[in-house]
Amino acid sequence: MLPAPAYHSSSFSAAPARNPASPPLCNPEAIRRRVAACVIAEFGITADELGFGSRGSPRASLARQVAMYLCHVGFALSFEGIGRLFHRDRTTVAYACRVIEERREDVRFDARLARLERQCVSAVRRGCGQ
């Protein structure tokens, strides 16, 4: 199991905890595409539902928050950069990360997210030719 992020909701920081096992960064758009594909599969939604234009259903909104969180924590992308990739403001990305961090208190959600993070890291490694 991957270690929990180095920050918690009570001491939230804009700087992500870089996991030494994470692959070196490749193109941020490639990271977003691969993370989005993993999240879409995990949540059983379509790319249109994950979408970048509207809030959508609560399920799609949670999936988008998870995708933004994974881009930040798993791949050290900045809030501003993630905001550009997801067509959102950086403050929306920061809010998404806080929401997901708080939800990690739930053991089942935390385990699901840890598994999804491993899948994303693996997908990005394959995509970056590593």
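Scroll up to find the structure this text is about.
Caption draft 1: Quick peek at the nonpolar core. Membership of the largest hydrophobic core comes to 37 residues, with the highest contact counts inside it found for Val35, Val39, Val66 and Leu70. If you list the elements that add at least two residues to this core, you get helix 1 (28-43), helix 3 (58-75), helix 4 (79-86), helix 5 (90-103) and helix 6 (107-127). A per-element tally of this core places helix 3 first, with 10 residues. Setting aside its immediate chain neighbours within four residues, Val39 contacts Ala63, Val66, Ala67, Leu70 and Leu116.

Caption draft 2: Representation of the packing of aromatic side chains in the model. If you walk through the whole model with that rule in mind, you get zero aromatic pairs. It is Arg103 that lies over the ring of Phe109; its NZ or CZ is 4.6 Å from the centre. Looking at Arg112, its charged tip hangs above the ring of Phe43, at a distance of 4.4 Å from the centre.

Caption draft 3: Main features of the packing of helix 4 against helix 5. Contact geometry of helix 4 with helix 5 gives a least axis separation of 8 Å together with a crossing angle of 105 degrees. Judged by the inter-axis angle, helix 4 sits roughly perpendicular to helix 5. Every residue of helix 5 that contacts helix 4 at Phe79, Glu80, Ile82 and Gly83 is listed here: Arg90, Val93, Ala94 and Cys97. Split into classes, the residues belonging to the contact of helix 4 with helix 5 amount to five nonpolar, one polar and two charged.

Caption draft 4: Quick peek at helix 3. For helix 3, spanning 18 residues, the distance from its first C-alpha to its last is 25 Å, which sits close to the expected 26 Å at 1.5 Å a residue. For helix 3, the tally of buried residues reaches 15 of 18 residues, placing the bulk of the element in the interior. Remark: Ala76 follows helix 3 within two positions and exhibits a positive phi of approximately 55 degrees.

Caption draft 5: Here's a closer look at the state of the cysteines. Considering all chains together, one arrives at one disulfide under this definition. No disulfide involves Cys38; its sulfur sits 4.0 Å from the nearest other cysteine sulfur, which is in Cys120. Cys38 gets classed as buried once you look at its relative accessible area, which sits at 13%. The structure places no disulfide on Cys71, whose sulfur is separated from the nearest cysteine sulfur, that of Cys120, by 7.7 Å.

Caption draft 6: The arrangement of the environment of Glu101 in detail. Tracing the sequence through the fold places Glu101 in helix 5. Separated by 32 residues in sequence, Glu101 and Tyr69 have C-alpha atoms that sit 8.4 Å apart.

Caption draft 7: Structural view of the packing of helix 3 against helix 4. Helix 4 packs onto helix 3 with a crossing angle of 140 degrees between their chain directions and a minimal axis gap of 10 Å. On the basis of their axis angle, the class for helix 3 and helix 4 is oblique. Helix 3 and helix 4 meet at a crossing whose hand is right-handed. Here Arg64, Ala67, Met68, Cys71 and His72 of helix 3 come into contact with helix 4, specifically with Phe79, Ile82 and Phe86. Of the residues that constitute the contact of helix 3 with helix 4, the class distribution is six nonpolar, one polar and one charged.

Caption draft 8: Inspection of the pattern of salt bridges at higher detail. Going through the model one piece at a time under the given rule, you end up with six salt bridges. Among the salt bridges present, the one from Arg33 reaches Glu29, with a minimum N-O distance of 3.8 Å. Remark: Glu29 and Arg33 occur in helix 1; sequence separation between them is four residues, near one turn of the helix. Across the salt bridge formed by Glu80 and Arg84, the nearest N and O atoms sit 3.3 Å from each other. In this pair, Glu80 and Arg84 both sit in helix 4, four residues apart, roughly one turn of the helix. Each of the two residues, Glu80 as well as Arg84, counts as exposed. Each of Glu29, Arg32 and Arg33 takes part in one network of salt bridges that share partners.

The rules behind these values
- Residues numbered from 1 in each chain as written.
- Predicted model: local features only at pLDDT ≥ 70, side-chain atom pairs only at ≥ 80, totals over all residues.
- Heavy atoms only, no water.
- Core = buried A, V, L, I, M, F, W, Y, C linked by side-chain atoms within 4.5 Å.
- Buried < 20%, exposed > 50% of the residue type's maximum accessible area, 1.4 Å probe, protein only.
- Helix = DSSP H or I, 4+ residues; strand = E, 2+ residues; numbered from the N terminus.
- Contact = heavy atoms within 4.5 Å.
- Phe/Tyr/Trp six-rings, centres within 6.5 Å; stacked < 30°, edge-to-face > 60°.
- Lys NZ or Arg CZ within 6 Å of the ring centre and 35° of its normal.
- Axes fitted to C-alpha atoms, helices over the stretch in contact; angles between N-to-C directions.
- Parallel < 35°, antiparallel > 145°, perpendicular 65-115°, else oblique.
- Nonpolar A, V, L, I, M, F, W, Y, C, P; charged D, E, K, R; others polar.
- Expected span 1.5 Å × (residues − 1).
- Disulfide = S-S within 2.5 Å.
- Left-handed = near helix turned anticlockwise from the far one by under 90°.
- Salt bridge = Lys/Arg side-chain N within 4 Å of Asp/Glu carboxyl O.

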